[in-house]
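Listed here are the chains, written in short residue letters.
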2 protein chains.
Amino acid sequence: MTHVTIIGTGNMGTAIAGVVTAGGNTVDLLGHAEINQPAAGQIVVLAVPYPAVTEVIAAQRDSLARKVVVDITNPLDFDTFDSLVVPPDGSAAAEIAAALPQSQVVKAFNTTFAATLNGRKVGSQPTTVLMAGDDADAKTLLGGVVEAGGLRAVDVGPLRRARELEAIGFLQIGLAAAEKVPWDGGFAVVS
Amino acid sequence: MTHVTIIGTGNMGTAIAGVVTAGGNTVDLLGHAEINQPAAGQIVVLAVPYPAVTEVIAAQRDSLARKVVVDITNPLDFDTFDSLVVPPDGSAAAEIAAALPQSQVVKAFNTTFAATLNGRKVGSQPTTVLMAGDDADAKTLLGGVVEAGGLRAVDVGPLRRARELEAIGFLQIGLAAAEKVPWDGGFAVVS
């Protein structure tokens, strides 16, 4: 059994918590008031918007060492929906990994809307969680939790592939905001 | 009726030709021997690998003026499958548009494998052609040809969104090359 701490109690945090518990694993959810409570999980999901990540890392730095830290962010410029706020050759995941050198950072869940986690489907296709990270064991652990919870997990490669995952997340959010795909649709992975 | 010239007679060129004619539009396919024959179509699809685009543009520059030019390339480093060969803040489409200032350049078909064009499906989902471009009329014309041929077309925004389309193409080819998705699968768009 894997224990997962989810920091952030919004749509994504609660949806991921539902996946974790559905698979027989355990979860604790930390809201903003608990931000200084050390994260207990082997896996810690940073389920907060990108601008809040810095504060979470500052509060949790010691407890995140030697943990699998999952970055789910889409670092969009939400004023324009026209760019990311990270450098073109970087990613939010790379920034988080640089800030947490003792953690195993995995990018995941940024290409799955909350509704597709809750419903386990994107249209008629099973929902697939794409994972990028440099630590194979970390991806295996997270992938196991995801698949136990009724989703598919696909390892897309090293953490530098987070750049492409963030491009997909950006495009998908833009399409949903423009009502060209529904918030329970978007990109499905046919494998 | 729209006349489409396709430069390139490989898997993608022939698959796109099949879509065009299925919709009642007309097509001529130019192979390497015909590279200096002026492209006659209102739409000209550059269905050649990225490294060959420069030669095609040099040969066809005059005949591409005032045409809709469709860039389908995925500018991967095919030695490593680990990066694109265009700058991180650029795209193949941006380079082509810069080289053809009198053309209306549309990025399209780089996220659809040939088999999903031929079969009209990605898994159980209809195949969707994602289009990025700065000229609305060009996208409308191309989208009409695509939809007449039995596919869906979605306008994802201006030509700068080609960066995200090329990221998707890159990731999808990498997943297929690693046998994590089949060449008749990959990313479906649920709209």
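Keep in mind that what you see is a predicted model, and the values were worked out from it rather than measured. (Residues numbered from 1 in each chain as written. Chains lettered and ligands numbered in written order. Predicted model: local features only at pLDDT ≥ 70, side-chain atom pairs only at ≥ 80, totals over all residues. Heavy atoms only, no water.)

Caption draft 1: Quick look at the sheet that holds strand 1 (residues 3-7) of chain B. All names here are of chain B. Taken in spatial order, the seven strands make up an open sheet running 2-1-3-4-5-8-9, and their pairing is mixed. Strand pairing shows two members of the sheet lacking a second neighbour, strand 2 (26-30) and strand 9 (152-157), which therefore form its edges. Averaged over all adjacent pairs, the angle separating strand axes in this sheet is 25°, with direction ignored. Pairing between strand 5 (residues 104-107) and strand 8 (residues 128-133): two bridges, direction antiparallel. (Pairing = 2+ DSSP bridges. Helix = DSSP H or I, 4+ residues; strand = E, 2+ residues; numbered from the N terminus. Axes fitted to C-alpha atoms, helices over the stretch in contact; angles between N-to-C directions.)

Caption draft 2: Structural detail: the confidence of the model for chain A. For chain A, per-residue confidence averages 97 on the pLDDT scale, and residues scoring 70 or more make up 100% of the total. Across the whole predicted complex the pTM is 0.97, and at the interface the ipTM reaches 0.96. (pLDDT = per-residue confidence, 0-100.)

Caption draft 3: Just the interface of chain B and chain A, in detail. With 33 residues of chain B at the contact, the number on the chain A side is 33 residues. Interface area for chain B against chain A, summed over the two sides, is near 2,700 Å², with a carbon-plus-sulfur share of 65%. Three residues stand out in chain B for area buried against chain A, namely Leu171(B), Phe187(B) and Val190(B), and they jointly supply 21% of the buried area on that side. At the surface where chain B touches chain A, the tally comes to four salt bridges. Here Arg160(B) and Asp82(A) are joined by a salt bridge, their closest N and O atoms 2.9 Å apart. Taken together, the links from chain B to chain A amount to 12 residue pairs in polar contact (both at pLDDT 80 or more). (Contact = heavy atoms within 4.5 Å. Buried area = accessible area lost by both parts, 1.4 Å probe. Salt bridge = Lys/Arg side-chain N within 4 Å of Asp/Glu carboxyl O. Polar contact = N/O pair within 3.5 Å; in protein donor to acceptor, adjacent residues only side chain to side chain.)

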